[in-house]
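Residue strings, one per chain:
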Amino acid sequence: MLSLARLAARWRSRARARARWGDLHVIPDVLSPELGNRRPLIVSTPASYRSGDRRYPVLYMQDGQNLFDPRTSFAGDWGLSASLGWASRRGIEPIVVGLYNTGPTRFNEYSPFVEPGAGGGTGDRYLEFVTRTVKPLVDERFRTLPDPRSTGIAGSSLGGLISLYAFFRIPSVFGFVGALSPSLWFGNEAIFDVVARFPRPEGRIYLDIGLREGQRHVLLARKMRDLLIERGFEPRRTLRYLEDRDGAHREADWGRRFRKALPFLLRDI
């Protein structure tokens, strides 16, 4: 059994860690003229945001209801507040904007490509919503660094697919991307043609896959890694690729891996 002194020390350590978690702000019912629907945004600001006039890099993330709170998530949350607190203690302090998905339209919004029987096809309009409606709103309400070098996009599964697409499609807005277990198969693997043909953006890419997600998905992730290297992205400098031996297709594993992605994506910003 732990002594009272050790229990007290552990409690103080956890209290100090939680003090670095920062604050969550909910912007409800944001109208999308581009899509004709509404959704909440959840915005995480670092603890240091509470004082001073410093400006911060911004990371736009998909499936916002799955990032911070298990009560609003589909199948457990990422535990992102703890990851951001860990990063903050190491001097990495982004503002994170979580865009809720709208449920039935998620497949359509998170892919510009159509997958027969599943959906897709409105991904470009979704990105117009992110860049024309959400980003100006966030830049107005929060102390952001609005330039592309300081603006990133990230997500998992289909959210990883649309994030990777956005990095290549709109490099004038997004300067780094986190694609965790991206659905590279969707739309007959059309994302490979985009990555092969579009001009190579400047910036960094974090790409990963869990080895428990199935052989097809692991092979597609390796194929994308190889294509990115062929396009000129340099391992460990502008590309980080990770295979998680115990990783499955679930929020807890993405949240655990995202802690490793943050220092790479936000280095020197």
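Here, the structure is the one placed above.
Residues numbered from 1 in each chain as written. Predicted model: local features only at pLDDT ≥ 70, side-chain atom pairs only at ≥ 80, totals over all residues. Heavy atoms only, no water.

1. Regarding the pattern of salt bridges
Under the convention used in this document: One speaks of a salt bridge when a side-chain nitrogen belonging to Lys or Arg is within 4 Å of a carboxyl oxygen belonging to Asp or Glu. By definition, any uninterrupted DSSP run of H or I lasting at least four residues is a helix, any uninterrupted run of E lasting at least two residues is a strand, and each is numbered from the N terminus.
With the rule as written, the count across this model stands at 23 salt bridges. Ionic pairing is found between R169 and D124, a salt bridge with its closest N-O pair at 3.5 Å. With R169 in helix 5 (residues 158-169) and D124 in helix 4 (residues 123-141), this pair connects stretches of sequence that are 45 residues apart. A salt bridge links D139 to K135; the nearest nitrogen and oxygen atoms lie 2.8 Å apart. Here K135 and D139 lie together in helix 4, a separation of four residues that amounts to about one turn. Through salt bridges that share partners, D208, E213, D244, R250, D253, R256 and R257 make up one connected network.

2. Focus on helix 2 (residues 80-88)
Residue pairs spaced three or four apart in an α-helix point in one direction, given the helix's 3.6 residues per turn. Applicable threshold: Buried residues are those whose accessible area, probed at 1.4 Å on protein chains only, stays under 20% of the maximum for their type, while exposed residues exceed 50% and partly exposed ones sit between those limits. The contact rule is simple, with two residues in contact once any of their heavy atoms fall within 4.5 Å.
The element helix 2 is largely enclosed, with a buried count of eight among its nine residues. Considering only its buried residues, helix 2 is in contact with strand 1 (23-32), strand 2 (37-45), strand 3 (58-61), strand 4 (95-99) and helix 9 (251-265).

3. Focus: the sheet that holds strand 10 (residues 239-244)
Applied cut-off: Here, any two strands with at least 2 DSSP bridges between them count as paired. Structural elements are reduced to axes, namely lines fitted to C-alpha atoms, with helices fitted over the stretch in contact, and the angle between N-to-C directions of any two is expressed from 0 to 180 degrees.
Taken together, eight strands build an open sheet; the order of strands is 1-2-4-3-7-8-9-10 and the sheet is mixed. With one partner strand each, in any of the chains shown, strand 1 and strand 10 form the two edges of the open sheet. Looking at each pair of strands side by side, their axes are set apart by 15° on average, direction ignored. Along the sheet, helix 5 contacts strand 7 (151-156), strand 8 (176-180) and strand 9 (204-210); its crossing angle with strand 7, the most-contacted strand, is approximately 150°. Those strands touched by helix 9 are strand 3, strand 7, strand 8, strand 9 and strand 10, and its axis lies near 160° from that of strand 9.

4. Some points on the environment of A179
With respect to the element layout, A179 can be found in strand 8. For the pair A179 and I205, spaced 26 residues apart in sequence, the C-alpha to C-alpha distance is 7.6 Å. In this structure, A179 is in contact with G155, G160, L164, Y206, L207 and D208, ignoring residues within four places of it in sequence.

The analysis is restricted to geometry; functional conclusions fall outside its scope.
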